[in-house]
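Now for the letters of each chain:
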Amino acid sequence: MSAEVTFLPAGKTIKVRPGTTLLDAAKQAGIAVRTRCDGKAACFMCKMEVKPGSELMPIGDVERRKLAGLEDGMRLSCQARVKGKVQAEIPMDPLRAAVLKQLARQAEEDDKLW
């Protein structure tokens, strides 16, 4: 029996064994996921948005405490274990997101000048 994970926005799909973490599945798929703690649920950097209908094993106590206060659907990829078919979106790197936001703001200002 195998499970299937699709990583967004890349759209890359990989088959893995049930029980594989999303972090390990991403590594197998050649997708970089930021982490500092090497998968020990200490750094909070590997969070992903899991799309509704995704089949993951129940959330553990450590992960539940770490994710308290975040919107529904967020999981730590080092803790979330695949059960069946999963769609997970990897957030954009914060620095890249900030740069793109600033560029968009500058483009709007330039449009107002013309």
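Scroll up to find the structure.
How each quantity is defined
- Residues numbered from 1 in each chain as written.
- Predicted model: local features only at pLDDT ≥ 70, side-chain atom pairs only at ≥ 80, totals over all residues.
- Heavy atoms only, no water.
- Helix = DSSP H or I, 4+ residues; strand = E, 2+ residues; numbered from the N terminus.
- Buried < 20%, exposed > 50% of the residue type's maximum accessible area, 1.4 Å probe, protein only.
- Contact = heavy atoms within 4.5 Å.
- Areas by Shrake-Rupley, 256 points an atom, 1.4 Å probe, with all protein chains shown as cover.
- Core = buried A, V, L, I, M, F, W, Y, C linked by side-chain atoms within 4.5 Å.
- Patch = residues over 30% accessible without salt bridge, like charges linked within 9 Å, V, L, I, M, F, W, Y side chains within 5 Å.
- Salt bridge = Lys/Arg side-chain N within 4 Å of Asp/Glu carboxyl O.
- Lys, Arg positive; Asp, Glu negative; His and termini not counted.
- Charge placed at Lys NZ, Arg CZ, Asp CG, Glu CD.

A word on the overall build of the chain
At step 1: From N to C terminus, the chain includes three helices and five strands.
At step 2: Helices and strands in the chain line up, N terminus first, as β-β-α-β-α-β-β-α.
At step 3: Its C-alpha atoms give the chain principal-axis dimensions of roughly 60 × 30 × 25 Å.
At step 4: Out of the 114 residues belonging to the chain, those deemed buried represent 32%.
At step 5: Of the contacts formed within the chain by residues at least 6 apart in sequence, a portion of 62% connects residues at least 24 apart.
At step 6: About 7600 Å² of surface is accessible on the chain, with carbon and sulfur atoms providing 52% of the total.

Here we look at the nonpolar core
At step 1: Grouped together as the largest cluster of nonpolar side chains are 25 residues, with contacts concentrated most on Val5, Phe7, Leu22, Val82 and Val86.
At step 2: Of all elements in the fold, only strand E1 (3–8), strand E2 (12–16), helix H1 (22–29), strand E3 (47–50) and strand E5 (85–89) reach the threshold of two or more residues within this core.
At step 3: At five residues, the largest contribution of residues to this core is made by H1.
At step 4: Non-local contacts of valine 82, meaning those with residues more than four positions away in its chain, are made with Ala3, Val5, Val16, Pro18, Gly19, Thr20, Leu22, Glu55, Leu56 and Met57.

Quick word on a negative patch on the surface
At step 1: A cluster of like negative charges, contributed by Glu108, Glu109, Asp110 and Asp111, occupies part of the molecular surface.
At step 2: Secondary-structure assignment places glutamate 109 in helix H3 (residues 94–113).
At step 3: Under the relative-accessibility criterion, glutamate 109 is labelled partly exposed at 48%.

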